[in-house]
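Chain residues, written in single-letter form:
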Amino acid sequence: MADLQKWDVEDTRFWESEGKKIATRNLWISIPSLLCGFAVWLYWGIITVQMLNLGFPFAQSELFTLTAIAGLTGATLRIPSSFFIRLCGGRNTIFFTTALLMIPAVGTGIALQDKNTPLWVFQALALLSGFGGGNFASSMSNISFFFPKKQQGLALGLNAGLGNFGVTTMQILIPLVMTFGLFGGDSMILENTSGTLIGKIPAGSETWIHNAGYIWLVLLIPLAFAGWFGMNNIRSQEVSPDLPNTVVSFGMIAGMLLIGFVTAAVGLWLLLPESANGSGFGVPKEIVMVLVIGSTVFWLKMLPGAIGTSLTRQYKIFNNPHTWVMSVIYTMTFGSFIGFAASFPLAIKVIFGYQHIMVDGVMTHDTINVNGPSALMYAWMGPFIGALIRPVGGWIADKLGGAMVTQICSVVMVASALGVAYYMKAAYNSATPEEFFLPFFLLFLVLFAATGIGNGSTFRTIAMVFPKEQAGPVLGWTSAVAAYGAFYIPKVIGEQITATTPEVALIGFAAFYAVCIGINWWFYLRKNRAETLVHCPHCGEDFAPHKDGEFYNP
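To keep things clear, this report deals only with the structure shown in the data block. (Residues numbered from 1 in each chain as written. Predicted model: local features only at pLDDT ≥ 70, side-chain atom pairs only at ≥ 80, totals over all residues. Heavy atoms only, no water.)

### Remarks on a nonpolar patch on the surface
Then, in step 1: Taken together, the side chains of L176, F180, L182, F183, V218 and L219 make up a nonpolar region of the molecular surface, amounting to roughly 490 Å² of accessible area.
Then, in step 2: Residue placement: L176 occurs in helix 9 (residues 149-177).
Then, in step 3: Look at L176 and you get partly exposed, because its relative accessible area is 39%. (Patch = residues over 30% accessible without salt bridge, like charges linked within 9 Å, V, L, I, M, F, W, Y side chains within 5 Å. Areas by Shrake-Rupley, 256 points an atom, 1.4 Å probe, with all protein chains shown as cover. Salt bridge = Lys/Arg side-chain N within 4 Å of Asp/Glu carboxyl O. Helix = DSSP H or I, 4+ residues; strand = E, 2+ residues; numbered from the N terminus. Buried < 20%, exposed > 50% of the residue type's maximum accessible area, 1.4 Å probe, protein only.)

### Re a negative patch on the surface
Then, in step 1: A cluster of acidic residues, D8, E10, D11 and E238, forms a negative patch at the surface.
Then, in step 2: Structurally, E10 can be placed in the loop between strand 1 (3-4) and helix 1 (12-42).
Then, in step 3: On the basis of relative accessible area, E10 is assigned to the partly exposed category, the value being 46%. (Lys, Arg positive; Asp, Glu negative; His and termini not counted. Charge placed at Lys NZ, Arg CZ, Asp CG, Glu CD.)

### Here's the deal with the pattern of salt bridges
Then, in step 1: On inspection of all chains with the given rule, the structure shows 5 salt bridges.
Then, in step 2: We note a salt bridge from D3 to R235, for which the minimum N-O separation is 2.9 Å. Here the residue D3 occupies a position in strand 1, and R235 occupies one in the loop between strand 6 (233-234) and helix 12 (246-271), the gap between them amounting to 232 residues.
Then, in step 3: Classification of R235 as partly exposed rests on a relative accessible area of 25%.
Then, in step 4: Across the salt bridge formed by K285 and E495, the nearest N and O atoms sit 2.9 Å from each other. With a gap of 210 residues between them, K285 in helix 13 (residues 285-301) and E495 in helix 22 (residues 485-498) connect regions that are remote in the sequence.
Then, in step 5: By relative accessible area, which is 12% here, K285 ends up buried.
Then, in step 6: Beyond isolated ion pairs, a larger network of salt bridges with shared partners links K285, E286, K491 and E495.

### Topic: the side chain of S336
Then, in step 1: Its place among the elements puts S336 in helix 15 (residues 321-352).
Then, in step 2: If we skip the residues at most four places from it in the chain, S336 touches T331, M413, T451, I489 and Y513. (Contact = heavy atoms within 4.5 Å.)

### Examining the state of the cysteines
Then, in step 1: Evaluation of the coordinates by the stated rule reveals 0 disulfides.
Then, in step 2: The thiol of C516 is not disulfide-bonded; the next cysteine sulfur, from C409, is found 12 Å away. (Disulfide = S-S within 2.5 Å.)

### Topic: the pairing of strand 7 (residues 354-359)
Then, in step 1: In this structure, strand 7 lies alongside strand 8 (residues 362-368), joined through 5 bridges in antiparallel fashion. Looking at the pairing, V359 lines up with V362 of strand 8.
Then, in step 2: The turn joining strand 7 and strand 8, which pair antiparallel and follow one another in sequence, is formed by 2 residues; a positive phi near 55° is taken by D360. (Pairing = 2+ DSSP bridges.)

### Topic: helix 11 (residues 217-230)
Then, in step 1: Over its 14 residues, helix 11 runs 19 Å from end to end, which matches the ideal 20 Å to within 8%, given 1.5 Å per residue.
Then, in step 2: Listed in full, the buried residues belonging to helix 11 are L220, L223, A224, G227 and G230. Axial view of helix 11: buried residues confined to an arc of 165°, hence all on one face. The outward face of helix 11, more than 90 degrees from its buried face, is lined by the exposed residues F225 and F229.
Then, in step 3: Tucked into the core, helix 11 has its buried residues touching helix 1, helix 5 (90-100) and helix 6 (102-111). (Expected span 1.5 Å × (residues − 1). Arc of directions from axis to C-beta.)

### Here's the deal with the packing of aromatic side chains
Then, in step 1: Taken as a whole and assessed by the stated rule, the structure comprises 49 aromatic pairs.
Then, in step 2: Geometrically, the ring pair formed by F344 and F440 is tilted, given 6.3 Å between the ring centres and 35° between the ring planes. Taken as a pair, F344 in helix 15 and F440 in helix 20 (residues 437-465) lie far apart in primary sequence, 96 residues in all.
Then, in step 3: Under the relative-accessibility criterion, F440 is labelled buried at 0%.
Then, in step 4: R91 extends its terminal NZ or CZ atom over the ring of W228, reaching a point 3.6 Å from the ring centre.
Then, in step 5: Against the face of W522 rests R526, its NZ or CZ located 3.6 Å from the ring centre. (Phe/Tyr/Trp six-rings, centres within 6.5 Å; stacked < 30°, edge-to-face > 60°. Lys NZ or Arg CZ within 6 Å of the ring centre and 35° of its normal.)

So this is what it looks like as structure tokens:
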């Protein structure tokens, strides 16, 4: 039965007799669907590296715009996606949004078959890849309704953590499938050495780069069927009490996504230079993000009928100060993970794949470093560790408390980011940057691990701080804000590499992590924090402080 009329997972008898089996089935369909969403969203980080190796006629700065475009759009689409479950149901949402991923996958495969494909086509496809970024908000919101509070840390950690394996899966699978003609078509010849998980591929070898798009259809088609026939809509009062028919649900999802696409596209036009098909106005990226977020929230609220009415009710999360606190803290963890995952491959290529030498008194950065590491061999390891350890972070937080685990992770992130900055600077001022790769790489792995554990611990805090009907939308909203890291971090790193000071980016990120340490302590760990209690609109009581630094509704 696709629609569940009765759903009360806090009732132990119901959970053990019916709920656990249904929830588990929905979780294990949700995870691979989310994995493919992450893969399609972030595959530009790998594709652009290979475009450089194949001699596509684009500058490094133009290729960095593709990861930034996908990042901004995916983050923006998370805003409407945060509210899909209550409006349209979990089954309807996961099926439709998973099926939409086929559009950028097919388009990317077609565009990559010709080096003469113009930049604007790749930019449009990067925009459409944002479908995958948006899926996270609806997926997490959906799974939060299927599990009791005491198990949400692990369940959400599994969904997010194994879903995040889409980044690692993509970074391993794409270089591999590009080595043979899996889907036919003409090959291209490498101008520079490339690589896969198993070793380097020399210049002059054949590459089928278009497989980077087509390969995802192998997973997306069966997953769409699994979502349709294996998942459920919950019609309870707390979740989706006024669920429309399927066709109307699809129309509502499409209309809300369109608003996100339009606001993201306008923001990108304001941001990008004329050479990259932008306005040339050079509006600062921070202002662009505020404009995009604000306009998306505003125009969604203006939608008529049931959508506007439901959003008015769900927008009450913005009256809760903890919505904004957790948005900042979650940006520190997930925003860093997704931003570094998007930029890590190209950063390795640019910083360590070229010699940085003085020519006539000017430092140059365009001489190929034959001893440089292959970005495609190493870049997958950071996201792999971050995703693998994420469920562990949720499990530890279930035992020790999310706020304390987050605090420890924050300290580790400050230290490791500063260490990465030091070795970035050393490498970018050296004719032999490969000498600094090992400490740079190991510290980056520590940074990824800390973001992964912190991802899991913040989910636990959200589940404890917010009442049930708000936790789902808050998970979606905070993930939307944090996902702008996929736009902001590649943009900042790209700008600082252009300015020949890549270390400045990591120093700035470390400063932000230090601020988050103070915020987390003030709201969730200090002893005298009575003013931070949350008032429950249903029971009329305040959320009481718990000894582990979180809150619960007594």
